[in-house]
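# A structural walkthrough
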Amino acid sequence: MTPYTLFSLLPRFLVVWYADKARTRLVFIEEQTLWANRLLEDVEPNDEYTAGFRAHLKRKLVEWSQERSDLVSKISIMENLLES
C-alpha cells in the first residue's frame, strides 16, 4: 500500500483542491529557489562573514529540492487518479 492510496478514497473535489494547493506550494518553492540561487551568486564565496549565510542557503536549497520532488510525485499521482 502506497502512502498516497488514500487519495483514491477522497471525493474528487478534495483531490482537486489538494492538487491545487500542492501546485501553489511548488510555484512558491521554485520562486524561492531562484531567489536563493541569485543570492548565492552575489555573496562572496570565501568571505568569512558570509560563510554561515551561504551554508544556510545551500541547506535550504537541498530542503527545497527534496520538497519539490515530493510535490511533483504527489501531483503526478493525483493527476493520474483524476484522469481515471
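Coordinates for the structure precede this section.
Residues numbered from 1 in each chain as written. Predicted model: local features only at pLDDT ≥ 70, side-chain atom pairs only at ≥ 80, totals over all residues. Heavy atoms only, no water.

## A few points about the environment of Ile75
For clarity, the threshold we go by: A run of DSSP states H or I qualifies as a helix once it reaches four residues; a run of E qualifies as a strand once it reaches two. Both are numbered from the N-terminal end. Residues are treated as being in contact if the distance between any of their heavy atoms lies within 4.5 Å.
With respect to the helices and strands, Ile75 occurs in helix 2 (residues 51–83). For the pair formed by Ile75 and Leu26, sequence separation is 49 residues and the distance between their alpha carbons is 9.6 Å. Beyond its immediate stretch of four places on either side in the chain, Ile75 contacts Ala22, Arg23 and Leu26.

## Remarks on helix 2
Put simply, the rule reads: To estimate how far a helix should reach, multiply one less than its number of residues by 1.5 Å. Each residue gets one of three labels from its accessible area relative to the maximum for its type: buried under 20%, exposed over 50%, partly exposed in between, using a 1.4 Å probe on protein chains only.
End to end, helix 2 covers 48 Å across 33 residues, agreeing with the expected 48 Å (1.5 Å per residue, within 8%). Among the residues of helix 2, Arg54, Leu57, Leu61, Trp64, Leu71, Ile75, Met78 and Leu82 are the ones counted as buried. Buried positions along helix 2 lie against helix 1 (12–42).

## Here's the deal with the nonpolar core
Here is the rule we go by: Only buried Ala, Val, Leu, Ile, Met, Phe, Trp, Tyr and Cys residues count toward a nonpolar core, and they belong to the same one when joined by side-chain atoms within 4.5 Å.
Ala22, Ala36, Leu61, Trp64, Leu71 and Met78 are the most contacted members of the largest nonpolar core, which has 15 residues in total. When contributions to this core are tallied by element, the ones reaching two or more residues are helix 1 and helix 2. Not counting the four nearest positions on each side in its chain, Met78 is found in contact with Phe7, Val15, Tyr18, Ala19 and Ala22.

## What to know about helix 1
Over its 31 residues, helix 1 runs 46 Å from end to end, which matches the ideal 45 Å to within 8%, given 1.5 Å per residue. Within the sequence span of helix 1, burial applies to Val15, Ala19, Ala22, Leu26, Ile29, Ala36 and Leu40. For helix 1, the elements touching its buried residues are helix 2.

## A word on the packing of helix 1 against helix 2
The packing of two helices is summarised by the inter-axis angle and the distance between the axes. For clarity, the cut-off: Axis lines are fitted to C-alpha atoms, over the contacting stretch for helices. Their N-to-C directions set the angle, which ranges from 0 to 180 degrees. Small angles under 35 degrees read as roughly parallel and large ones over 145 as roughly antiparallel, with 65 to 115 read as roughly perpendicular and the rest as oblique. Crossings are sorted by hand: turned counterclockwise from the far helix by less than a right angle, the near helix makes the crossing left-handed, and turned clockwise it makes it right-handed. Ten residue types, Ala, Val, Leu, Ile, Met, Phe, Trp, Tyr, Cys and Pro, are classed as nonpolar, four, Asp, Glu, Lys and Arg, as charged, and the remainder, Gly among them, as polar.
Two numbers describe how helix 1 lies on helix 2: the axes approach to 9 Å, and their chain directions differ by 155 degrees. The angle between helix 1 and helix 2 falls in the class roughly antiparallel. Of the two possible hands of crossing, helix 1 and helix 2 adopt the one that is left-handed. Taken together, the residues that form the contact of helix 1 with helix 2 break down as 21 nonpolar, three polar and 10 charged.

## Details of the pattern of salt bridges
Applicable threshold: The salt bridge definition used is simple: a Lys or Arg side-chain nitrogen within 4 Å of an Asp or Glu carboxyl oxygen.
All chains considered together, the criterion is met by five salt bridges. A salt bridge links Glu30 to Arg68; its shortest N-O distance comes to 3.3 Å. Linking Glu30 in helix 1 with Arg68 in helix 2, this pair joins segments that are 38 residues apart in sequence. A residue is classified by how much of its surface remains accessible, and Arg68, at 38% relative accessible area, is partly exposed. Salt bridges sharing common partners tie together Asp20, Arg23 and Glu79.

That is the geometry; function is a separate question.
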